[in-house]
There are 4 protein chains.
Amino acid sequence: MTSRLRVGIWGASGYAGAELIRLGLGHPGIELVHLGAHRHAGERIDAVLPAFQGWLPGSFEPLDPARARACDVLFSCLPHGQSHDALAPLVGQVRLIDLSGDFRLRDAATYAAAYGHAHPCPEQVDRFVYGLPELARDRLRGATAIANPGCFATACTLALLPLAREGLLAGEIPLAAVTGSSGSGATPGPGTHHPVRSQDFHAYKPFRHQHEPEIEQALADAGGEGFRLALVAHSAPFVRGIHVTAFVTLPEPLDEAAVQAIFRRHYEAEPFVRLRDKVNVAQVRGTNLCDVAIALRDRSLVVTAVIDNLMKGASGQAIHNFNLMAGFDETAGLQALPLGV
Amino acid sequence: MTSRLRVGIWGASGYAGAELIRLGLGHPGIELVHLGAHRHAGERIDAVLPAFQGWLPGSFEPLDPARARACDVLFSCLPHGQSHDALAPLVGQVRLIDLSGDFRLRDAATYAAAYGHAHPCPEQVDRFVYGLPELARDRLRGATAIANPGCFATACTLALLPLAREGLLAGEIPLAAVTGSSGSGATPGPGTHHPVRSQDFHAYKPFRHQHEPEIEQALADAGGEGFRLALVAHSAPFVRGIHVTAFVTLPEPLDEAAVQAIFRRHYEAEPFVRLRDKVNVAQVRGTNLCDVAIALRDRSLVVTAVIDNLMKGASGQAIHNFNLMAGFDETAGLQALPLGV
Amino acid sequence: MTSRLRVGIWGASGYAGAELIRLGLGHPGIELVHLGAHRHAGERIDAVLPAFQGWLPGSFEPLDPARARACDVLFSCLPHGQSHDALAPLVGQVRLIDLSGDFRLRDAATYAAAYGHAHPCPEQVDRFVYGLPELARDRLRGATAIANPGCFATACTLALLPLAREGLLAGEIPLAAVTGSSGSGATPGPGTHHPVRSQDFHAYKPFRHQHEPEIEQALADAGGEGFRLALVAHSAPFVRGIHVTAFVTLPEPLDEAAVQAIFRRHYEAEPFVRLRDKVNVAQVRGTNLCDVAIALRDRSLVVTAVIDNLMKGASGQAIHNFNLMAGFDETAGLQALPLGV
Amino acid sequence: MTSRLRVGIWGASGYAGAELIRLGLGHPGIELVHLGAHRHAGERIDAVLPAFQGWLPGSFEPLDPARARACDVLFSCLPHGQSHDALAPLVGQVRLIDLSGDFRLRDAATYAAAYGHAHPCPEQVDRFVYGLPELARDRLRGATAIANPGCFATACTLALLPLAREGLLAGEIPLAAVTGSSGSGATPGPGTHHPVRSQDFHAYKPFRHQHEPEIEQALADAGGEGFRLALVAHSAPFVRGIHVTAFVTLPEPLDEAAVQAIFRRHYEAEPFVRLRDKVNVAQVRGTNLCDVAIALRDRSLVVTAVIDNLMKGASGQAIHNFNLMAGFDETAGLQALPLGV
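Residues numbered from 1 in each chain as written. Chains lettered and ligands numbered in written order. Predicted model: local features only at pLDDT ≥ 70, side-chain atom pairs only at ≥ 80, totals over all residues. Heavy atoms only, no water.

(A) How the structure looks around the interface of chain B and chain A. Taken together, the contacts link 43 residues of chain B with 43 residues of chain A. Taken together, the two surfaces of chain B and chain A that pack against each other cover about 3400 Å², and 61% of this comes from carbon and sulfur. The largest share of the area that chain B buries against chain A comes from Gln199(B), Phe207(B) and Arg297(B), three residues that together contribute 21% of it. One can count six salt bridges joining chain B with chain A. One salt bridge in this structure joins Glu172(B) and Arg297(A), with 3.9 Å as the shortest N-O distance. For the pair chain B and chain A, the number of links is 24 residue pairs in polar contact (both at pLDDT 80 or more). At the level of elements, strand E7 (171–179), helix H9 (194–197), strand E8 (202–204), strand E9 (227–235), strand E10 (242–249), strand E12 (290–297) and strand E13 (300–307) of chain B are the ones that each hand at least two residues to the side of chain B that touches chain A. When the residues that make up the side of chain B that touches chain A are grouped by side-chain class, the tally is 25 nonpolar, nine polar and nine charged. (Contact = heavy atoms within 4.5 Å. Buried area = accessible area lost by both parts, 1.4 Å probe. Salt bridge = Lys/Arg side-chain N within 4 Å of Asp/Glu carboxyl O. Polar contact = N/O pair within 3.5 Å; in protein donor to acceptor, adjacent residues only side chain to side chain. Helix = DSSP H or I, 4+ residues; strand = E, 2+ residues; numbered from the N terminus. Nonpolar A, V, L, I, M, F, W, Y, C, P; charged D, E, K, R; others polar.)

(B) Layout of the nonpolar core. Ranked by internal contacts, the top residues of the largest apolar core, which has 192 residues, are Phe75(C), Leu160(C), Phe322(C), Phe75(D), Leu160(D) and Phe322(D). Contacts of Leu160(D), omitting those with residues within four sequence positions, involve Leu169(D), Ile173(D), Leu175(D), Leu219(D), Leu229(D), Ala246(D) and Val248(D). Core analysis: the next-biggest nonpolar cluster, separate from the first, contains 191 residues, Val73(A), Cys151(A), Ala155(B) and Ala233(B) among them. (Core = buried A, V, L, I, M, F, W, Y, C linked by side-chain atoms within 4.5 Å. Buried < 20%, exposed > 50% of the residue type's maximum accessible area, 1.4 Å probe, protein only.)

(C) Spatial organisation of the environment of His40(D). Residues and elements named next belong to chain D. Following the sequence through the fold, His40 ends up in the loop between strand E2 (30–36) and helix H2 (45–48). Along the sequence, His40 and Gly327 sit 287 residues apart, while their C-alpha atoms lie 33 Å from each other. Contact partners of His40, with chain neighbours within four places excluded, come to Ser13, Val48 and Phe60.

(D) The interface of chain D and chain B, seen in detail. Each partner contributes to the interface: chain D provides 19 residues, whereas chain B provides 19 residues. For the pair chain D and chain B, the summed buried area comes to about 1300 Å², and 66% of that belongs to carbon and sulfur atoms. At the surface where chain D touches chain B, the tally comes to zero salt bridges. Here chain D and chain B share eight residue pairs in polar contact (both at pLDDT 80 or more) between them. Among the elements that make up the side of chain D that touches chain B, the one with the highest residue count is helix H9 (residues 194–197) of chain D (four residues).

Here you go:
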């Protein structure tokens, strides 16, 4: 595995794209050959992403299908709703890892309800494997098209996956999920205006977040049934991270040791999941880790989980999927330790 | 009501105390005559609280019961566990408003479980009225001793109070409650160390926060029964504010208009509660307001509520209670608009 | 002075405008009768400024000269470059307080160099008094048009004013001035995007900030001569505040007590200037105060000064000017204590 | 260079120590064999530094000279004033890189003035090479004891080093230097208490910061003479980073191209210095880079420079020195790209 694969990135100038560039430059099996950014085509990369001065002398390119097809793997960080048309012609012609929500939901009606419009190419969705390695590792090995999970979806699914597998999800499950400001992307807007955001906290999209059906689909794939999620998203004034607090009523009595054993059984071999006594967003920042902790009172179980939304919630997980797709060690390019502070 | 009452504050050098000083100086019916601070006795007030330079020329005093008895009203901001002994000898001798948790829980066993020790003077607890004006306005008018509610307790109770009154609480009710760093007080500690706190978010004390039984008691006082809370507290990197997200499963089908009508009926006459489409911590900062919003899907109701923890969650509410106790207009000294940014 | 003046605000929906609304609602001599906001005309005020729900039931109006003329005083918070044309027709017809930079610089060439275009109505500039009360109190009393100083200009001028009056400015004077993010206004942009701003610090516009000539003019008005400023502005990740560090080489030897005496002499009667051992942005937040401190080594003097940029650096100072203009007590509406935290 | 050196760290539990652990684990030539932390001896490393769970199974050890002597290289992150006694017995017995200020100042009187006490072992100071690679690369190659520069000292010296070498420093040079909160270390204190720090900015130690003579010594070593620094340190509410603004009056007229050429000549071969149009703290975060920019007006030159205080200002530079000392590639273990956000 000494030679490098030729890798392209579409949507390379946003936060997920820049994170992929950062990870790609440090990955032993990646050669970045095509960095496409529609709005910044022709501009110097280090003019758009000035932190990278000295590493990337070139310029962003247009989104060129021919250039994409010449890659071994193409990552797409295009926005939701734009990946459909851009990627559909490429399926089967270049290995794809799509970070948008466009190819995640297999049910057309669910997609339409979540995203507000009919899917333009529903027949393509089944060609994508949902890229949560802890759920679908075997199918991701050698996959040719991968739909990388959403940030909230990753944290929430990992909080509940062992319970889904053990048939321990039932009834309505409230999820209080909290995101940092980088989750809103690189384009300034009212919700990320520093004077407001830096001292605010608020809930948004109760019951209406598009990741809710995505999590339900993933948990059903894991064997969960007879449950329904109640996801409330929240905005907090940190930059990187997702924190989720899940409230589960166990359908049968279990003591804490038994629940710990369940989580341990499903996660002890996972390279990017840590079971903790408590979880902190700061302790996974800059890493591809998901930290998980539990607390139990009678049948009431609280599961908390944290990720770095740009890493395990986006580009880090995309690299993990790349490693599975291309046969690299799963942790290649993802061994950075948390910054701590 | 043109003359000013002689007011003392014990524990005047902490955040709640400083906020009481700030509010007291702007209140038409308050003359601050005794500012007691054990650790800072003898030090200039503006050396300990330098922001106040120019307003307060004097020094902090020791906690002197004789000086306290000479006041018309004494606010106490002593820490939990220290108010018992300090205030018990003063009950009946000076009107008291205690901001600690020492006189809030009427059931001795509940107190012992929440605070980890037996109450030293349980016979005194019943002499204190629990000071949530929206719950107990009539008893607070003319009260001689008031136990000011906790910060989480205020926000959570106000999120659920109309439902408790209407018999709409049932089963287990998850509460995801989030606090800013000022909730930890003025003494530096690992959890409020800037390098860590400013980019962290984490849950703490799941099922074990001492405000959980306090909220349950308040909601039972309002008529709630057959319910149990599952409170998870969280630390966020803003300074002032509490945000709570409550997940309620309604025992009977109601549409959103009906739920809105219930909240409106119980809150429309309240001077410090606003019903909103959505709530933001930043929009109540510096005020005594509690903003409340609801969202409904089938029988699943999400109620969000926000307060400024140092105002409605502590000193602002204490002034509100002072106004009720002493016969002032309820909003006296509390009319400041939110800073916004 | 018991009756209220009829007051209008143009540009009422931005940060300075919202701050004027907040201060105006609490001012005993102000009745807000016309809130003009070009982009938001016709929208409910509390939809644009949601924190104000409950205080302001009406809607923003267009910028209507007839409505403005019907006011006793009009505050204008229009952007630099838009006040010229909007206010010139109103000079002499309604008392004006303009918060933009359009009528501050009396020298046309200086204006053109600072703002990049020729002044469209230079003949009007002399009708405006530069509104720094510590510099021009007597001319501001009863003035009919006031050019409210810039935020950096206020802090820097107050750091150096006593030295200018005493002839102690000489040579080049470096000024390292630091602003919070609210100084960029309410419109989101790359420089105030939370993911970047919250962990960044950077200098901008070295030698080229438009407040540099404004400060030089003010200090010359105070008697300063033979000096030149070297202003470097910086962006920091707090919200409210300006901090300035001025490096002065004294033209003659003075000991620290002598310098302290000079500052005390010029500031001890000022209601909004405090001399401190050290200054902190946090200790003036929410107030109209300017805190000043000095340190001396041989002939090298460092003066530090802080203000809240939305208060003493904008709307608070505008209210101070209103009080002087209309004959109110100077501190009317401006007595709020600092929030501290 | 395939074998790893046996490396120890004293003071391994603080921020500089944890950063050395993080860098050491990723360095191809380092095997961490002794992690000494006085206060935490015997505690699990991942209990003290929980972010590292999964990487470091062992426990902190006492500061054991025998264990230290068995290392190839010992890094010391002990506090100022504690390194003297701890390290003096080890000089010549193990290669040392000391991150404290104890062995930086060669003049005993200067040391005493800066640190407030006489140096206990002045005869040892000359055995340490001052570890700024851009200043003393040749002496650092193969050195046996290195005094790693201070954080402010690194940024300030690098801002002025080319000018010192060219004889362009003269007169008094104001330096406005700004640090993030991690510069205060891992122990909570009033200055890093989140409720205060997160919205504050203030100057401290004008003319009295202990790095002022350290910078003067380094610049004199580079050939500078006839100048004096006026350093004012400031605390800002970001976590990682130093920003310095230096005001230089050039002794002779030079145009901007000439000054740029001077900086380019001295820095173009440096692996960790980037010349920029402007510098931002955020763009070096997590890296060992120092970004430098200049602006000129007549003879007035403003130089701005930024570093990550825990990297180029402490542990990253220590690794750079390790690489020089031990013959590794200078950038070994230091190739991480900036996080950006």
